[in-house]
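The residues making up each chain are set out below.
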Amino acid sequence: MATFILNINGKKQEVDVDPSTPILWVLRDHLNMVGTKFGCGIAQCGACTIHLDGTATRSCILPVSSIRDKNITTIEGLSENGDHPVQKAWLEVDVPQCGYCQAGQIMTASALLEKNPNPTDEEIETAMNGNICRCGTYLRIRKAVKMASES
């Protein structure tokens, strides 16, 4: 075990965990931040997406020891009141069905818009590729990302 001080959603959090523990499990099991979901465990589905220094990153394979001084943003820290433009567009378009993948989808979309505020449909599809929605709401996801980019 080792002690790590992590900057999560703008707050310092101290955890005592095995250095190889994926940050997903640090968030969920040690810090009770359960918005980030476990999907596949091999960084293929996107359910576990967080921001690491503003970049959409799969947390299920990222060991806590590799974080160092980077800033972590989870779905809980994206906005205080759920009023981030992507979150608002998600509700407006009524994207979720089961909702399981939505935190990862929203985190990927918000990272895209931070870097590219006015993406084309092709750029949205490229950025969102790899975030699997088992319910198949991809058209609504693209529409919500486009709507958020216009707000």
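Everything numeric here is computed off the predicted structure, so don't read it as measured data.

(A) Expanded view of the packing of aromatic side chains. This structure, assessed with the given rule, holds 1 aromatic pair. Aromatic pair Trp25 and Phe38: ring centres 5.3 Å apart, planes at 40 degrees, arrangement tilted. Residue Trp25 is located in helix 1 (residues 23-30), and its partner Phe38 is located in the loop between helix 1 and strand 3 (49-52); the two are separated by 13 residues in the primary sequence. When its relative accessible area of 28% is taken as the criterion, Trp25 is described as partly exposed. The class for Phe38 is partly exposed, based on a relative accessible area of 32%.

(B) Here's a closer look at the packing of helix 4 (residues 102-115) against helix 6 (residues 138-150). Look at helix 4 against helix 6: their axes get within 11 Å of each other, and the N-to-C directions meet at 40 degrees. As far as their axial angle goes, helix 6 and helix 4 are oblique. Of the two possible hands of crossing, helix 4 and helix 6 adopt the one that is right-handed. Residues Gln105, Ala109, Leu112 and Leu113 of helix 4 form the contact with helix 6, whose own contacting residues are Ile141, Val145, Ala148 and Ser149. Of the residues in the contact of helix 4 with helix 6, the class split is 6 nonpolar, 2 polar and no charged.

(C) The environment of Ile42, seen in detail. Along the chain, Ile42 falls in the loop between helix 1 and strand 3. Given a relative accessible area of 57%, Ile42 falls into the exposed group. In the structure, Ile42 is positioned 18 residues away from Cys60 in sequence and 6.8 Å away in space, judged by C-alpha atoms.

Cut-offs used in this document
Residues numbered from 1 in each chain as written. Predicted model: local features only at pLDDT ≥ 70, side-chain atom pairs only at ≥ 80, totals over all residues. Heavy atoms only, no water. Phe/Tyr/Trp six-rings, centres within 6.5 Å; stacked < 30°, edge-to-face > 60°. Helix = DSSP H or I, 4+ residues; strand = E, 2+ residues; numbered from the N terminus. Buried < 20%, exposed > 50% of the residue type's maximum accessible area, 1.4 Å probe, protein only. Axes fitted to C-alpha atoms, helices over the stretch in contact; angles between N-to-C directions. Parallel < 35°, antiparallel > 145°, perpendicular 65-115°, else oblique. Left-handed = near helix turned anticlockwise from the far one by under 90°. Contact = heavy atoms within 4.5 Å. Nonpolar A, V, L, I, M, F, W, Y, C, P; charged D, E, K, R; others polar.

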